[in-house]
Amino acid sequence: MPEKPYNHEEIELKLSAEWAANPMLYRAADDGSKPRYYVLEMLPYPSGRLHMGHVRNYSIGDTLARYMWMKGYDVLHPMGWDAFGLPAENAAIKNKMHPGEWTVSNIAHMKKQLMRLGFAYDWDREISTCEPDYYRWNQWLFLRMYEKGLAYRKSSLVNWCPECSTVLANEQVVDGCCWRHETTPVEQRELDQWFLRITAYADQLLEDMEQLEAGWPAQVLTMQRNWIGRSEGAEVDFTLAGTEQKIRVFTTRIDTIYGATCVILAPEHPLSRQLCAGELAPRLKAMVDDQARKDPEQLVKEGFFTGHHAANPFNGAQVPIWVGNFVLWGYGTGAIMAVPAHDERDFEFCTKYGIPIAPVIRPADGALPESPAEAFTGDGVMENSGEWSGLTSEEGRRRMAERAEAQGFGKAAITYRLKDWGVSRQRYWGTPIPMIHCAACGIQPVPDDQLPVVLPRDVEFTGRGQSPLAKLESFVKCACPKCGGAARRETDTMDTFVDSSWYFFRYVDPRNAEKPFEPAVVNPWFPVDQYIGGVTHAIMHLLYSRFWCKVMRDIGLVSVDEPFGNLFTQGMVQLHGQTMSKSKGNIVDPDEMVVKYGADTCRLFTLFAAPPEKNMDWNESSVEGQYRFLSRLFRWVSRNQDAGGGDGSTDARALRKLHQTIRKVTADFDNRWHFNTSIAALMELMNELQASESGLSAGARRECCEKLVLLLAPFAPFAAEDLWAGLGHAGPVFKQPWPECDEELAREEMLEIPVQVNGKLRGKIAVPHGAAQAEIEAAAQAEPNVQTHTEGKAIVKLIVVPGKMVNIVVR
RNA sequence: GCCCGGGUGGCGAAAUGGCAGACGCAGCGGACUUAAAAUCCGCUGGUGAGUAAUCACCGUGUGGGUUCGAGUCCCACCCCGGGCACCA
């Protein structure tokens, strides 16, 4: 048969239309007849167009999914849209387009792009988180959390632009100012907001990481551990002078408490307001607002004396109470005892303001310094600490915490860096929080049978004042579910991390109208066999999903502790060493490459450029090489698939290379997904086939064609499918069995073994397989160039590494 | 500052204690062509020696170490990227 030119456009357009028309093609059988395998890629935010980060992420996932199909698994490979979020609302303000419309049209475009790239998704499972069918279950789950006391309301601070008189998201604050009013500094306002009690699961989130050790990157686990930030210490009450009011502080160094020379409050601490009621009030407000605008890089420690004192519970000493901008309201108790002699930050602060420094710990092998030049932060022996003097730090901590508890002024305590998850957003484009405020009955949950609380469409977007929902009377006005009286609906919407915390469960039972999903249907697929996404989501998204999974487990919906058994974090796609982002205007769109070279080439190119876990710098210059390879392969198969035979003189070497390639590519899939080397191996095979083409027998020719196409199938699905049909086969190529390496055929006849003298390569010998050690030694010493380097010298040692290397050590 | 990654030809990279630079890009030379494109073949880390096949020396950020043998392991340092950043 004459060779066919590689026409990527014709092949890909024809096949993508066929695939789109066949919804069963990528459907999981889900009948238990084959082992299940769930491949999950992080769902995209429908920003408008795919970028190369998406293409990379989904190329990796799709390649794996197709391989697993060929390995005989029942593969679940879904896709959806993280469709709520601020950009849609910003676009609405700017373009007078409804966020829903904007989102829907973006999804339509991006879906077309994904299909054009040939990704094998079961589109019948498609989820869009902005659909009431989906977000009603956000609401339902929120209500379950509320019932369990996991969703609660508390006052907290938000960014506020006085010019727009509206709440700003963190990302709308630029250099401490409003993004739309670059000279208007953001203020902090206190607002009652909804929180999820993720801290109640802090210990489980830490402990269950054991289950993830094998399947998650160590780096991600470390990041999560640090994020949760468990810290053991003690809480102790200082007493406000002249009152019985307690000021509770958290410390990990209760052993240093005799060295506490002041108490410092976070500016947001309620007591700060109380103590600064008079002329200090403006100063306090300025500090609170300033906190929000801080560039944490260059925040200088500042503070002021409140004029009040507090008593140290251990020795009764009166110490001044300060307010300090470096004390965090969100950590511990929001108040600290400052021990400048033994804490670097306290040292800096107290030195700046002339607060005394009182050393109370000496190094085990040293003396207590009189006036230290820096803080001694290590453990040591306690001094100047009353009855505790002479104890080691460690013993002191234990016994002093016990004493505090016995006497009722403190206790041993564990604090987490992790904070409860604030889910309230004063925004329109999100899941309405299903709560009702009744003047008579207080806060009342929306009854389940009234779900979903549907997001109304007829709203106005001004970007000013209250959120669009709060301004819509028809939405706000409602009846109290308890007393039936007039009440007001909650107008906050949920953080979009809620949407992405459980979507992967919904994929398995996506149209269930009775519940979030049917446990019996969903559980067999969990934990997800392979989750793939950017390392940028290593903390928040993955931590929230883990938390959500545990909550769903506790209400009986799922049976696993952890949602994702294996996690793969792909590297970023950068341009000139910089992360691609809209604001930098350096986004690369795949369309151009797909039009010019086709989806297969685009996919090969992204996989070939670097190993998938590494960052890759975008440089298209080598894309030609991928196209050349693919068209070379295509032409080779098309002209050889049923060509007459040669004399068979090159069969052995071609088949050897073929089976070596099968071994190599299979190993890459099973071990580390270095698809760049898999593709390189396919190229090597191609080079060999081209070189041995004329001598191939008809049978060998055919075998090479078939196996080559099968090997190509996970990487370049269009070309492989077309060639597979050309070989006369029916049925999709990605459902064919993955080829197996025949070790007999793959074996080299002779082994080539390098010979070193004193560790330097001096020659090579060829020996048959399974040659005896003595034979190898003799051959090595007989090698001419080896002889010139060993001549006249004594052989001290002769090392033979079977099949690998000979090293002759001479003196 | 702390915690992760990483540093190898002109470029992307390969080599999981055993032949450094597979594979690809770019470059150079050749075949085909009226010519070009496409395609195919060959060369391609540096220095030096040889007519040549070849051979020697140097070479994986820097300096030390372990080892018969180190890009790979250990120690110290430099540089780049990412994450966290006053967490009491």
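The rules behind these values
- Think of each chain on its own: its residues are numbered from 1, step by step along the sequence as written.
- Just so you know, chain letters begin at A and ligand numbers begin at 1, following the order they were written in.
- Thresholds applied to this predicted model are a pLDDT of at least 70 for local features of residues and 80 or more for the giving and counting of side-chain atom pairs; totals over whole chains, interfaces and linings are not thresholded and use all residues.
- Calculated side-chain values reflect all of the structure's heavy atoms, with hydrogen atoms and water omitted.
- Only DSSP runs of H or I reaching four residues or more are called helices, and only runs of E reaching two or more are called strands; each is numbered from the N terminus.
- By definition, residues are in contact when any of their heavy atoms lie within 4.5 Å.
- Strand pairing requires that DSSP identify at least two bridges connecting the strands.
- Helix axes are fitted to C-alpha atoms over the stretch in contact, other axes to C-alpha atoms as well, and angles between N-to-C directions run from 0 to 180 degrees.
- As defined here, a cavity is a set of points on a 1 Å grid over the protein atoms alone where a 1.4 Å probe fits but cannot get out. A pocket is an open set with protein on both sides within 12 Å along at least five of seven lines, and residues line them when an atom is within 4 Å of a point.
- Grid points are joined across faces, edges and corners, and a volume is the space filled by probe spheres set on the points.
- When residues are grouped by polarity, Ala, Val, Leu, Ile, Met, Phe, Trp, Tyr, Cys and Pro land in nonpolar, Asp, Glu, Lys and Arg in charged, and all others, Gly among them, in polar.
- In summary, the pairing rule links any two rings of Phe, Tyr or Trp, Trp by its six-membered ring, whose centres are within 6.5 Å, and it sorts them by plane angle into stacked for under 30 degrees, edge-to-face for over 60 and tilted for everything else.
- Burial classes: relative accessible area under 20% of the type maximum marks a residue as buried, over 50% as exposed, and values in between as partly exposed (1.4 Å probe, protein chains only).
- Working rule: Lys NZ or Arg CZ, within 6 Å of ring centre, within 35 degrees of ring normal, means a charge sits over the ring.
- Salt bridges are defined by distance alone: a side-chain nitrogen of Lys or Arg within 4 Å of a carboxyl oxygen of Asp or Glu.
- By the criterion applied in these results, polar contacts are pairs of N or O atoms within 3.5 Å in which, for protein atoms, one can donate a hydrogen and the other can accept it, and in which residues neighboring in sequence qualify only through two side-chain atoms.
- To form a nonpolar core, buried Ala, Val, Leu, Ile, Met, Phe, Trp, Tyr and Cys residues must be joined to one another through side-chain atoms within 4.5 Å.

Engineer: Residue-level account of the environment of S393, with values.
Structural biologist: Within the secondary structure, S393 sits in helix α11 (residues 393-407). Sequence-wise, S393 and W429 are 36 residues apart; in three dimensions their C-alpha atoms are separated by 53 Å. Apart from residues no more than four positions distant in its own chain, S393 is found in contact with R253, D255, I361, D379 and G380.

Engineer: A description of the sheet that holds strand β22 (residues 442-445) should follow, citing residues and the corresponding values.
Structural biologist: What the 4 strands build is an open sheet, ordered β22-β21-β24-β23; its pairing is antiparallel. With partners counted over all chains shown, the strands left at the sheet margins are β22 and β23 (477-479), one partner each. If you compare each strand with its neighbour and ignore which way they point, the axes differ by 45° on average.

Engineer: Talk me through empty space enclosed by the protein; I want residue IDs and the actual numbers.
Structural biologist: Summed over all chains, the structure comprises 1 cavity of 30 Å³ or more. Quantified by volume, the largest cavity comes out at close to 170 Å³. Along the wall of the largest cavity there are 21 residues; nearest its centre are I93, T166, R427, G463 and R464. Of all the secondary-structure elements, those providing two or more residues to the lining of the largest cavity are α3 (86-95) and β6 (166-168). Partitioning the lining of the largest cavity into residue classes produces 7 nonpolar, 8 polar and 6 charged.

Engineer: Talk me through the packing of aromatic side chains; I want residue IDs and the actual numbers.
Structural biologist: Taken as a whole and assessed by the stated rule, the structure comprises 55 aromatic pairs. Between Y503 and Y507, the ring centres sit 5.3 Å apart and the planes meet at 80°, which makes this aromatic pair edge-to-face. Here Y507 falls in the buried class, since its relative accessible area comes to 0%. Ring geometry for F605 versus W618: centroids 5.2 Å apart, planes at 90°, classification edge-to-face. On the criterion of sequence distance, the pair formed by F605 in helix α18 (residues 599-608) and W618 in the loop between β30 (616-617) and α19 (623-640) is long-range, its members being 13 residues apart. Each member of the pair F605 and W618 is classed as buried. One aromatic cluster is present, formed by Y38, Y134, W502, Y503, F504, F505, Y507, F517, W525, F526, Y531 and F564 through successive ring pairs. Here the guanidinium or amino end of R66 rests over the ring plane of W19, the centre of that ring lying 5.6 Å away. Positioned over the ring face of F326 is K301, at 5.5 Å from the centre of the ring.

Engineer: Could you give an account of the pattern of salt bridges, with specific residues and numbers?
Structural biologist: As enumerated under the stated definition, the model contains 50 salt bridges in all. For R253, the salt bridge goes to D255, with nearest N and O atoms at 3.0 Å. For D255, a relative accessible area of 0% puts it in the buried group. Several salt bridges share partner residues, and in doing so they unite R27, D122, D124 and R125 into one network.

Engineer: Report on the side chain of N512, specifying residues and quantitative values.
Structural biologist: Position of N512 among the secondary structure elements: in the loop between α14 (503-506) and α15 (519-522). Residue classification places N512 among the buried positions, given a relative accessible area of 15%. Engagement of the side chain of N512 in a polar contact is seen with the backbone nitrogen of E514, the distance being 2.8 Å. In this view, N512 contacts W137, R506, F517 and E518; residues no more than four positions away in its chain are not counted.

Engineer: Please provide a residue-by-residue account of the environment of F84, values included.
Structural biologist: You can see F84 is positioned in the loop between β3 (80-81) and α3. Residue classification places F84 among the buried residues on the basis of a relative accessible area of 1%. As a C-alpha pair, F84 and L114 span 30 residues in sequence and 20 Å in three-dimensional space. With near-sequence residues (within four places) excluded, F84 lies in contact with Y45, T129, C130, Y135, W429, G430, T431, L455, T496 and D499.

Engineer: Please provide a residue-by-residue account of the nonpolar core, values included.
Structural biologist: Ranked by size, the top nonpolar core spans 178 residues in total, and within it Y38, F505, F526, F547 and W548 carry the most contacts. Here this core gets 10 residues from one element, more than from any other, and that element is helix α2 (residues 52-70). Ignoring sequence-local partners within four residues, the contact set of W548 consists of L141, M145, L196, W421, V498, S501 and W502. Ranked by size, the runner-up nonpolar core spans 30 residues in total, among them A234, L240, Y258 and A404.

These figures capture arrangement, not role.
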